[in-house]
Amino acid sequence: MKIYPAQILEAISTVRYPGNGKSLAENNMIEDDIRIGGNKVSFSLIFDKPTDPFIKSVVRMAETAIQSSLGKDVEIRDNINVKYRQPQKPVEQPRPVLPKVKNIIGVSSGKGGVGKSTVAANVAIALAAKGYKVGLLDADIFGPSMPRMFGVEDEPVYMVNEDGRDWIDPIEKFGVKMLSIGFLVAKENAVLWRGSMASNALRQLITDALWGELDYFIIDMPPGTSDIHLTLVQTLPITGVVIVTTPQEVALADARKGIAMFKDEKINVPVLGIVENMSWFTPESHPEEKYYIFGNGGGARLAEKLGVKLLVQIPLVRGICEDVDTGNPTSAELIAKKLTGSPDGYTAEAEAFSILADSIVEQCEERNKKLPPTQKVEVKH
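Just so you know, these numbers come straight off a predicted model, no measurement behind them.

Bringing the overall build of the protein chain into the picture now. On a plain count of helices and strands, the protein chain comes out with 11 helices and 13 strands. Its C-alpha atoms give the protein chain a radius of gyration of 33 Å, clearly above 21 Å, the size a compact globule of 381 residues would have. The dimensions of the protein chain, computed from C-alpha atoms along their principal axes, are 115 × 45 × 40 Å. Each of the 381 residues in the protein chain was classed as buried or not, and the buried ones make up 47%.

Moving on to the packing of aromatic side chains. Evaluation of the coordinates by the stated rule reveals 5 aromatic pairs. For the ring pair Tyr 132 and Tyr 216, a centre distance of 5.3 Å and an interplane angle of 90° mean the geometry is edge-to-face. In this pair, Tyr 132 is assigned in the loop between helix H3 (116-129) and strand S5 (134-138) and Tyr 216 in strand S10 (residues 214-220), connecting sequence segments 84 residues apart. Taking the relative accessible area as the measure of exposure, Tyr 216 reaches 4% and is therefore buried. Judged by centre distance (5.7 Å) and plane angle (55°), the rings of Phe 150 and Phe 174 are tilted. Taken together, the residues Phe 150 in the loop between helix H4 (146-149) and strand S6 (159-162) and Phe 174 in the loop between strand S8 (171-173) and strand S9 (176-180) connect sequence positions 24 residues apart. A relative accessible area of 0% places Phe 150 in the buried class. Geometry around Trp 167 places Arg 165 over its ring, the cationic atom sitting 4.0 Å from the centre. Directly above the ring of Trp 280 sits Lys 290, whose terminal nitrogen or CZ lies 3.9 Å from the centroid.

Ordered in space as S8-S9-S5-S10-S4-S11-S12-S13, the 8 strands form an open sheet in which the pairing is mixed. In this open sheet, the two edge strands, each paired with only one partner strand, are S8 and strand S13 (310-316). Across the sheet, the mean angle from the axis of one strand to that of its neighbour is 25°, orientation sign disregarded. Taken together, the 5 bridges between strand S12 (residues 271-281) and S13 define a ladder with parallel strand orientation. Bridge pairing in S13 places Glu 276 opposite Gln 313. Across the sheet, helix H7 (residues 249-263) is in contact with strand S4 (101-109), strand S11 (240-245) and S12; its angle to S11 comes to roughly 170°.

Turning next to the nonpolar core. Side chains that are nonpolar tend, in soluble globular proteins, to be buried together. Counting residues in each nonpolar core, the largest one holds 88 residues, and the members touching the most others are Phe 150, Phe 217 and Ile 218. Tallying contributions element by element places H3 first for this core, with 10 residues. In this structure, Ile 218 is in contact with Ile 105, Val 107, Ala 120, Val 123, Ala 124, Leu 127, Val 134, Gly 135, Leu 136 and Leu 137, ignoring residues within four places of it in sequence. Grouped together as the second largest cluster of nonpolar side chains are 22 residues, Ala 11, Ala 62, Ile 76 and Ile 80 included.

Here we come to the packing of helix H1 (residues 5-12) against helix H2 (residues 55-70). Any two packed helices are characterised by how steeply their axes cross, that is the angle between the axes, and by the distance between the axes. One way to put it is that H1 packs onto H2 with a least axis distance of 8 Å and a crossing angle of 120°. In this view, H1 runs oblique relative to H2, as classed from their interaxial angle. Considering only the axes of H1 and H2, their crossing is right-handed. Contacts between H1 and H2 involve Gln 7, Ile 8, Ala 11 and Ile 12 on the former and, on the latter, Ala 62, Ala 65, Ile 66, Ser 69 and Leu 70. Here the contact of H1 with H2 is composed, by residue class, of 7 nonpolar, 2 polar and no charged.

Tallying each qualifying case throughout the model produces 14 salt bridges. Between Lys 116 and Asp 220 there is a salt bridge, with the nearest N and O atoms lying 2.7 Å from each other. Highlighted residues: Lys 116 in helix H3 and Asp 220 in strand S10, separated in sequence by 104 residues. Notably, a salt bridge pairs Lys 257 with Asp 254, separated by 3.8 Å at the nearest N-O pair. Placement of the pair is Lys 257 and Asp 254 together in helix H7, with a separation of 3 residues, close to one helical turn.

On to helix H8 (residues 298-306), then. All of the buried residues along H8 are Gly 298, Gly 299, Leu 302 and Ala 303. Along the axis of H8, the buried residues cluster in a sector spanning 135°; they form a single face. Facing away from the buried side of H8 by more than 90 degrees, the exposed set consists of Glu 304 and Lys 305. Considering only its buried residues, H8 is in contact with H7, S12 and S13. Gly 307 lies just past H8 and shows a positive phi near 75°.

About the criteria used
Residues numbered from 1 in each chain as written. Predicted model: local features only at pLDDT ≥ 70, side-chain atom pairs only at ≥ 80, totals over all residues. Heavy atoms only, no water. Helix = DSSP H or I, 4+ residues; strand = E, 2+ residues; numbered from the N terminus. Rg over C-alpha atoms; globule rule 2.2 N^0.38 Å. Buried < 20%, exposed > 50% of the residue type's maximum accessible area, 1.4 Å probe, protein only. Phe/Tyr/Trp six-rings, centres within 6.5 Å; stacked < 30°, edge-to-face > 60°. Lys NZ or Arg CZ within 6 Å of the ring centre and 35° of its normal. Pairing = 2+ DSSP bridges. Axes fitted to C-alpha atoms, helices over the stretch in contact; angles between N-to-C directions. Contact = heavy atoms within 4.5 Å. Core = buried A, V, L, I, M, F, W, Y, C linked by side-chain atoms within 4.5 Å. Parallel < 35°, antiparallel > 145°, perpendicular 65-115°, else oblique. Left-handed = near helix turned anticlockwise from the far one by under 90°. Nonpolar A, V, L, I, M, F, W, Y, C, P; charged D, E, K, R; others polar. Salt bridge = Lys/Arg side-chain N within 4 Å of Asp/Glu carboxyl O. Arc of directions from axis to C-beta.

So this is what it looks like as structure tokens:
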């Protein structure tokens, strides 16, 4: 007698799985591996798990059905192989990055030397002076400056354990939690890393640090446009960016490129506004005088042309440079005044950073009202 696979399938189609009353076919329990050699027939039945209480009874029913349909001569006893479905691993949901941070603000510039890091450090401290919880990430991997600006170059970085996991503990000063790659390499050594190494190190400073609850997370981005910028927008849902420039035409041209990058449809990170740094020089002995060394009003014209807000104009004052060089940024004056209970009488430069902090808060609130929550950018290479 010639036996065909279709006859085997037809015979066992009458067998029903006791667990739900459906046929073995309806339960997808018949493996497509029927083998016939003369009168010998073999195939596999698939069960969800080894502890299924109906395994033996279903196998016996299948054997009986085949012999009842095709005759007792069919060799099927003990030839039905039992298999089990591979358990589906639960899909791991990606862990949210900085889940307790309300606003993530990038401080960027089209070129170096315009005072971007000085602005980032001072605005972070100014926000803290106003009572906000603030974090600051020095993302300028190849030129970290925040440890020096905060006067903590020689501070050790420790690990802390929370929720059964070890975290990098940010250093806190002037009310700001701060991390930099500068803490992890010798300060006199250059960082000689390829792009992927730098990006991985940056991700660690973001995702493996205990930042906690923050109102504002300020990122001092590298100048220009680079892999680091792509890493940041792919890793973090950035609320918006602040572009720092000087009034000089060369700086303005590079600032335009930086703004264009963030406005690109693939990136699409809101530009909160422009900071015009070194707007004019004022001698200490003649605070009422202004000398426009790098040009006059270039940042304002750029902001108007591109339809973004000019957040503040910061004067070129010797004290701003000296303050960050000595690890005591100008905005620390705001902290000191607050602690002594005499918030009046700021210097012009400290007042500028106070205005900038207020402008960023205002722009963030407006942005969050008008736009949906920011998502991480999916960049296709």
